[in-house]
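Observations on the model geometry
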Amino acid sequence: MRLAQMLSLISVLSLITAGCQRERRDFVQAPDMSNAAQATSVSELHPANLPAPKPVSSTYSESAYDVNEGKRLFDWYNCSGCHFHGGGGIGPPLMDAEWLYGDAPQNIYASIVEGRPNGMPSFAGKIPEYQVWQLVAYVRSMSGQLPKDVSPGRGDSMMAKQPESSIPTEHPSKEHPADLKPEHPR
Amino acid sequence: MRNAYWSLAGALLLILTACGHGNQDALNVAGIQAQRIERLWWLLFWVSLVIFVVVMAFLGGSFSRAHGAELLAERPAPEEEASERGLRSGVLIAVALTVLILFVLLVAGISAGKALGSLQSNNPITVEVIGHQWWWEIHYPDPVPGNIVITANEIHVPVGTPIVLNSTSQDVIHSFWAPNIQGKRDLIPGHNTAIWFQVDREGVYRGQCAEFCGHQHAHMAFLVIAELPAKFQQWLQHQRNSAAPPMESAAKRGQEVFLSSTCVMCHTIRGTSAGSKNGPDLTHIASRGTIAAGTIPNTPGYLAGWIADSQHIKPGNHMPPNTLPSDDLQALLAYLEGLQ
């Protein structure tokens, strides 16, 4: 009887640990994901067929490891040089409900890779594709768009800043209807 | 069985005789401080050996006496009082000896520690070390900004000159340890600490991170290259220069590849527009003997493998794989090999 109890406990525990996918790390990237990111299409019109769809970023926004890598890269690639740590300064803030170019992962991906008018540089050819998706996932965590168990729970820097996991979720469509959206200062 | 003991003893002896020759070896001293550490090490070794032998002798003696007592079980027990008195004096002697030996070791330890920290000079050479996951950033500061030297994983020092090593860490706690030269020093993020050392013998000494710092802690080595002062000055002078512009067409193409691809997001080559400080400074990469913090030799083949897919060589390091067309990779190699 005791043995059976022990065995069932062990199997339950191993089932729980098998669920730890969000901490999974893949150091070796698929070859196409390590290519430098190229431009994405912003037009609805395409000659012949639609281009092959971009890889889905959901795997990145479900992985705590990838979101944390995005957080590291946000500083390494000097995103914080303009956006600061989400509060905005030279560039627009990233932790509020306002998305100038859309809040979907694909929109943020396009902003990073293609750049945007008024100062956002294009990082095409400079950042591997998987790292762009990691950055996208982190940028979305800054306004609480990701689940709490995936968002970074603490910072590595000495700066006192609220961890992304405790930032309330901003809802772009409800709090800022399109017609009431304030003009961006520029 | 007896043969097995002898071969074990022989193997231990062999291990002991192997000490004292390596370039990462606390018993092959290259400086005055390492000498103090070595003396302390041998003192501890001999004291421990003597105590071990004495304890084993007593243990063996008691075994044989117990064995004898079994045979003479009928013999009447000696007078209890006398045996009690003998035991008490034996314990007292042992406690006194223990206290005395510990006190001697304490004094020896304190005096060695004092000697390690007491190297002073009015005119030392300052070297700054910044620990990263998983490599060492090395600075030679200078009041003139143009004379500051930044390199990685290789510390050149002149022999017979006091060096002060200012150290800190960028991410997690690392520990700087070159056993032939000095003891360990932890590098703590947000905290600066200084350690003095002097190398008296020319040579290349290997050091390693001595505080677990993550996935590739084991592949975080560095070299201390001790050379004659004139040669050191020559090296320092050369390292101050910006990278020479490439001359051949392949190298020129390689520079274009470097500046237009992912490399520039993390690396600096002084004299070009690449100025990011996340990864090692590559201004004089070809003058270094190893890449990836002592993990692989710096040859074109290894370098190509490292650029193409470093994650297979050092999994978890922060360099992303690069799927460059082979022409571009060859050109990039030609450029990097020219950065003497």
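What counts and what doesn't
Residues numbered from 1 in each chain as written. Chains lettered and ligands numbered in written order. Predicted model: local features only at pLDDT ≥ 70, side-chain atom pairs only at ≥ 80, totals over all residues. Core = buried A, V, L, I, M, F, W, Y, C linked by C-beta atoms within 7 Å. Buried ≥ 20, exposed ≤ 12 C-beta atoms within 10 Å, placed from the backbone. Domains from an automatic or database assignment. Contact = placed C-beta atoms within 7 Å. Nonpolar A, V, L, I, M, F, W, Y, C, P; charged D, E, K, R; others polar. Axes fitted to C-alpha atoms, helices over the stretch in contact; angles between N-to-C directions. Helix = DSSP H or I, 4+ residues; strand = E, 2+ residues; numbered from the N terminus. Parallel < 35°, antiparallel > 145°, perpendicular 65-115°, else oblique. Left-handed = near helix turned anticlockwise from the far one by under 90°. Pairing = 2+ DSSP bridges.

Turning next to the nonpolar core. Core analysis: the largest hydrophobic core is formed by 53 residues, its most contacted members being Val-129, Ile-181, Val-224 and Ala-293 of chain B. Structurally, this core is a two-domain feature, drawing no fewer than three residues from each of domain 1 (13-205) and domain 2 (249-337) of chain B. Leaving out residues up to four positions away in the same chain, Val-129 of chain B has contacts with Trp-136, Ile-138, Leu-165, Ser-167, Phe-176 and Leu-187 of chain B. One finds Ala-64, Trp-133, Tyr-138 and Val-150 of chain A within the second-largest nonpolar core, a separate group that totals 27 residues.

Facing 16 residues of chain A, the contacting portion of chain B comprises 17 residues. Taken together, the residues of the side of chain A that touches chain B break down into nine nonpolar, five polar and two charged.

Turning to the packing of helix H5 (residues 105-114) of chain A against helix H6 (residues 129-142) of chain A, a few remarks are in order. All names here are of chain A. Two elements in contact, H5 and H6, have axes separated by 9 Å at closest approach and are oriented at 120°. Accordingly, the angle class assigned to the pair H5 and H6 is oblique. Crossing hand, H5 versus H6: right-handed. Residue-level inspection shows Pro-105, Ile-108, Tyr-109, Ile-112 and Val-113 of H5 in contact with H6, the latter providing Val-132, Trp-133, Leu-135, Val-136, Val-139 and Arg-140. Here the contact of H5 with H6 is composed, by residue class, of 10 nonpolar, no polar and one charged.

Before going further, it helps to examine the sheet that holds strand S10 (residues 221-227) of chain B. All names here are of chain B. The strand order S4-S10-S9-S6-S7 describes an open sheet built from five strands, whose pairing is mixed. At either end of the open sheet lies a strand with only one pairing partner, and these are strand S4 (154-158) and strand S7 (185-187). Neighbour-to-neighbour, the strand axes of this sheet turn through a mean angle of 25°, independent of strand direction. In the sheet, strand S9 (residues 203-209) pairs with S10 via six bridges, with the strands oriented antiparallel. Across the sheet, residue Tyr-205 finds its bridge partner in S10, namely Val-224.

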